[in-house]
Amino acid sequence: MKIGIVGGTGGMGEGFALRWSQKHDIIVGSREAQKAKEAADNYTKAAKEAFSGAMSGSISGDENFAVAKGADVLILSIPYEFIGDTCAKMSGQIRNDCIVVSPIVPMTRNDNGFIYIPLEQGKKPAAELVAEGLPPRSRIVSAFHTISEVKLKNVGQSLDADTFICGDDQGAVATLTGLVSEISGLRPVYLGPLSLSYQAEILTPMLLNAARRNKMKNPGVKLT
Ligand SMILES: NC(=O)c1ccc[n+]([C@@H]2O[C@H](COP(=O)([O-])OP(=O)(O)OC[C@H]3O[C@@H](n4cnc5c(N)ncnc54)[C@H](OP(=O)(O)O)[C@@H]3O)[C@@H](O)[C@H]2O)c1
């Protein structure tokens with residue numbers, strides 16, 4: 001499968017690239033092609049070391065638009081603030097059968113701690129903004145909100161966590177469920193349609209507040 005990562009030069013992008021490169025062709029995206037290529041070279045070195053050369057996939061890098069055109073699955077790994085702008089530039093580039101994945105968490109900090117932007121500022125959940133910016137809505141799925149980049153990048157570590165998946169199209173959900181299951185120790189848990197994505201997104205500021213106040217490192221979520 002060809003997995004493109006828009007904003008793949010960030011911490012989450014690195015984690016996705018390393019975790020999936022064992023089996024898939026990963027294309028790391030950036031606003032600057034050269035930055036993407038350098039990141040892809042570094043990730044390739046790290047992946048080869050981690051998997052002792054046993055990689056049937058590959059990692060390459062390119063400008064975000066080129067990445068969007070070629071992907072079977074496209075991860076939008078960018079901050080919430082730039083969804084509108086990025087989607088406006090990318091709309092029309094993405095194939096109609098491409099599955100677009102939002103791990104995006106609308107989060108900021110105030111004096112009380114980490115807060116969920118839609119609740120505090122009356123803005124829309126991340127998945128809703130992506131669906132508005134990149135129709136058709138049916139191809140958008142959301143997941144990975146409560147997975148720490150630190151753990152995701154550490155490919156030798158089993159995540160021992162769940163991740164909630166939201167989406168309207170069962171085929172798209174099934175494809176993402178398969179990709180989630182390929183990540184060691186990560187269990188996919190279907191939460192419901194995309195309109196429920198806010199319930200997964202809001203867990204991240206909650207986790208970070210609990211972690212900060214109780215001196216926990218990169219906690220995750222697991223249903224028992
Ligand atoms: N970090 C975590 O532990 C974590 C956990 C769960 C979910 N998430 C979510 O996952 C997403 C990615 O997280 P991250 O920590 O990897 O993000 P990040 O490092 O802050 O940003 C990722 C990439 O976004 C691109 N970017 C920055 N400004 C941009 C702009 N104005 N327009 C378009 N692209 C821009 C940059 O790539 P270029 O400069 O190369 O274009 C950057 O490397 C976020 O939405 C975050 O909420 C993060």
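Before reading on, note that the structure itself is shown above.
Just so it is clear, the model here is predicted, and its values are computed rather than measured.

Novice: Looking at this structure, I do not really get the pairing of strand 5 (residues 99-102). What am I missing?
Specialist: Along a regular strand, successive side chains alternate from one face of the sheet to the other. In strand 5, alternate side chains face the same way, and those of I99 and V101 on one face and V100 and S102 on the other are all buried. Relative to strand 5, strand 4 (residues 73-76) runs parallel, the two being bridged by 3 bridges. Bridge pairing in strand 5 places V73 opposite I99. Since strand 4 and strand 5 lie parallel, the crossover through helix 4 (residues 83-90) that links them has a hand, and here it is right-handed. Looking at chain direction, strand 5 and strand 8 (residues 140-142) are connected through 3 bridges and run parallel. Within the sheet, the bridge partner assigned to S102 lies in strand 8 and is S142.

Novice: It is not clear to me how the sheet that holds strand 8 should be interpreted in this structure. Could you clarify?
Specialist: Paired through their backbone hydrogen bonds, the strands of a sheet run either parallel or antiparallel. Spatially, 8 strands are ordered 3-2-1-4-5-8-9-10 in an open sheet, and the strand pairing comes out mixed. This sheet does not close on itself; its edge strands, each paired only once, are strand 3 (58-63) and strand 10 (186-192). When strand polarity is set aside, the average angle formed by the axes of neighbouring strands in this sheet is 25°. Across 6 bridges, the pairing between strand 9 (residues 161-167) and strand 10 is parallel. Bridge pairing in strand 10 links F164 to V189. Helix 2 (residues 33-50) contacts strand 2 (25-30) and strand 3 of the sheet and is inclined by roughly 170° relative to strand 3.

Novice: What exactly am I supposed to notice about the nonpolar core here?
Specialist: Inside soluble globular proteins, nonpolar side chains tend to come together where they are buried. Formed by 62 residues in total, the largest nonpolar core has its most connected members in V28, L74, V101, V130, V141 and L176. Those residues in contact with L74 that lie beyond four places of it in its chain are G4, V6, A68, I94, C98, V100 and V101.

Novice: Looking at this structure, I do not really get the packing of helix 4 against helix 6 (residues 126-133). What am I missing?
Specialist: The axes of two packed helices give the description: the angle between them and the distance between them. It is the contact of helix 4 with helix 6, at a shortest axis distance of 9 Å, that shows an interaxial angle of 25°. Our classification of the angle between helix 4 and helix 6 gives roughly parallel. Taken as a pair, helix 4 and helix 6 cross one another with a handedness that is right-handed. Residues I83, G84, C87 and A88 of helix 4 form the contact with helix 6, whose participating residues are A126, L129, V130 and G133. Residues of the contact of helix 4 with helix 6, tallied by class, amount to 6 nonpolar, 2 polar and no charged.

Novice: Would you take a moment to explain helix 10 (residues 203-214) for this structure?
Specialist: For an α-helix, 3.6 residues make a turn, and residues three or four places apart therefore share a direction. In this model helix 10 runs 16 Å from its N-terminal to its C-terminal C-alpha over 12 residues, within 8% of the 16 Å that 1.5 Å per residue would give. Where helix 10 is concerned, the buried positions are T204, P205 and L208. End-on view of helix 10: buried residues confined to an arc of 95°, all on one side of the axis. With respect to the buried face of helix 10, the exposed residues turned more than 90 degrees away are R213 and N214. Against strand 6 (107-110), strand 7 (113-116) and helix 9 (197-201) lie the buried residues of helix 10. K215 occupies a position one or two residues after helix 10 and carries a positive phi of about 50°.

Rules used throughout
Residues numbered from 1 in each chain as written. Predicted model: local features only at pLDDT ≥ 70, side-chain atom pairs only at ≥ 80, totals over all residues. Buried ≥ 20, exposed ≤ 12 C-beta atoms within 10 Å, placed from the backbone. Helix = DSSP H or I, 4+ residues; strand = E, 2+ residues; numbered from the N terminus. Pairing = 2+ DSSP bridges. Right-handed = clockwise from strand over helix to strand, strands pointing away. Axes fitted to C-alpha atoms, helices over the stretch in contact; angles between N-to-C directions. Contact = placed C-beta atoms within 7 Å. Core = buried A, V, L, I, M, F, W, Y, C linked by C-beta atoms within 7 Å. Parallel < 35°, antiparallel > 145°, perpendicular 65-115°, else oblique. Left-handed = near helix turned anticlockwise from the far one by under 90°. Nonpolar A, V, L, I, M, F, W, Y, C, P; charged D, E, K, R; others polar. Expected span 1.5 Å × (residues − 1). Arc of directions from axis to C-beta.

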